[in-house]
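Chains, contacts and geometry: an overview
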Amino acid sequence: MRLSPNIFLGTMLVLLSACSNTRFLADDQVLYTGRSNIEVIPVEGAEVPPAVQSQIKAITDHKVNNGVYGRRMLPPIGLWVYNYWKPDPQKKLSSWLFKTLSSPPVLISNVNPDLRTHVIENELFDLGYFRSSAWANVDTSNRNPKKARVHYFVEIEPAFSYGKILSDTLNEPVDSLIRLSSFMEKIRTGDQFNLEKLTNSRNELSREIQNKGYFYFNPD
């Protein structure tokens with residue numbers, strides 16, 4: 001009796017799904033099955049531009065086994081091959097197929113949610129959201145405690161803006177150069193704090209002053 005391609009494929013998928021891909025994990029290892037959600041919580045009417053939300057999403061992105069758009073699809077064939085197929089090192093084709101098809105398990109420890117939330121807080125601080133905070137919950141599967149997804153929370157306070165801007169130097173000629181530069185046009189009262197913009201403007205000012213003969217002028 002010959003099996004149709006559809007029946008054969010269906011049978012293979014059932015067999016693959018029945019094989020546990022967590023049985024080979026160590027006691028302290030948990031398989032990462034994706035990001036469940038990102039909750040961005042504006043505090044006191046804080047505005048969160050789409051660019052900031054995209055930045056948060058990018059920081060929390062991490063590949064999953066057999067993933068499509070950040071979500072794990074079944075069956076994870078690459079992980080199954082990695083766990084159950086023992087290639088013959090003497091056979092080039094077998095080794096090549098294993099290397100091509102296999103995928104080692106992506107673990108929660110690889111994702112490191114705590115580090116990612118710390119990066120989010122630093123990025124928000126650099127954009128002027130000084131008092132914002134981020135944290136993550138690891139949601140373990142009810143069916144299999146060796147599998148888990150990650151739920152991120154980001155609480156964003158209103159951004160800080162420049163109140164009053166003063167130049168403070170000990171050298172009158174340099175002070176005159178600062179007043180004549182475009183620095184004060186780029187960093188203005190009322191603008192939202194932005195570390196990257198401030199750093200770039202300060203470096204441009206430093207180069208301008210060095211070009212006037214103050215070769216050892218320090219941007220700091």
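What counts, and at which threshold
Residues numbered from 1 in each chain as written. Predicted model: local features only at pLDDT ≥ 70, side-chain atom pairs only at ≥ 80, totals over all residues. Heavy atoms only, no water. 1 Å grid on protein atoms, 1.4 Å probe; cavity = no way out; pocket = protein on both sides within 12 Å on 5 of 7 lines; lining within 4 Å. Points joined across faces, edges and corners; volume = space filled by probe spheres on them. Helix = DSSP H or I, 4+ residues; strand = E, 2+ residues; numbered from the N terminus. Nonpolar A, V, L, I, M, F, W, Y, C, P; charged D, E, K, R; others polar. Contact = heavy atoms within 4.5 Å. Core = buried A, V, L, I, M, F, W, Y, C linked by side-chain atoms within 4.5 Å. Buried < 20%, exposed > 50% of the residue type's maximum accessible area, 1.4 Å probe, protein only. Salt bridge = Lys/Arg side-chain N within 4 Å of Asp/Glu carboxyl O. Phe/Tyr/Trp six-rings, centres within 6.5 Å; stacked < 30°, edge-to-face > 60°.

**What about the layout of surface pockets?**
Taken as a whole, the largest pocket encloses approximately 390 Å³ of empty space. Along the walls of the largest pocket sit 17 residues, with Ile178, Phe183, Arg202, Leu205 and Pro219 positioned nearest its centre. Of all the secondary-structure elements, those providing two or more residues to the lining of the largest pocket are α8 (183-186) and α9 (195-211). By residue number, the principal contributor to the lining of the largest pocket is α9, which donates three residues. For the lining of the largest pocket, a count of residues per class yields 11 nonpolar, three polar and three charged.

**Let's talk about the environment of phenylalanine 153**
Mapped onto the elements of the fold, phenylalanine 153 is located in strand β5 (residues 147-156). With 20 residues separating them along the chain, phenylalanine 153 and serine 133 place their C-alpha atoms 8.4 Å apart. Apart from the residues lying within four places of it in its own chain, the contact partners of phenylalanine 153 are Glu39, Ser133, Ala134, Trp135 and Asn137.

**Examining empty space enclosed by the protein**
Across all of its chains, the model carries one cavity of 30 Å³ or more by this definition. If you add up the space inside the largest cavity, you get close to 30 Å³. Around the largest cavity, the lining residues are Val52, Gln55, Ile56, Ile59, Ile120, Glu123, Leu124 and Leu127. Residues belonging to the lining of the largest cavity are distributed by class as follows: six nonpolar, one polar and one charged.

**Re the nonpolar core**
Counting 11 residues, the largest nonpolar core consists of Val48, Val52, Ile56, Ile59, Ile120, Leu124, Leu127, Tyr129, Ala134, Val154 and Ile156. Contributions of two or more residues to this core are made by α2 (50-60), α6 (113-126) and β5. Looking at this core element by element, the count peaks at three residues for α2. Apart from the residues lying within four places of it in its own chain, the contact partners of tyrosine 129 are Glu47, Pro49, Val52, Leu124, Ile156, Glu157, Pro158, Ala159 and Gln192.

**Brief notes about the pattern of salt bridges**
Going through the model one piece at a time under the given rule, you end up with four salt bridges. We note a salt bridge from glutamate 204 to lysine 186, for which the minimum N-O separation is 2.2 Å. Here glutamate 204, found in helix α9, pairs with lysine 186, found in helix α8; they are 18 residues apart in sequence, far enough to count as distant. Residue glutamate 204 is classed as partly exposed on the basis of its relative accessible area of 34%.

**Details of the packing of aromatic side chains**
Scanning the model with the defined rule gives five aromatic pairs in all. A ring pair is formed by phenylalanine 125 and phenylalanine 130, whose centres lie 4.6 Å apart and whose planes are at 40°; its orientation type is tilted. Owing to a relative accessible area of 40%, phenylalanine 125 belongs among the partly exposed residues under this scheme. Pairwise contacts between aromatic rings join Phe125, Phe130, Phe160, Tyr162 and Phe193 into one cluster.

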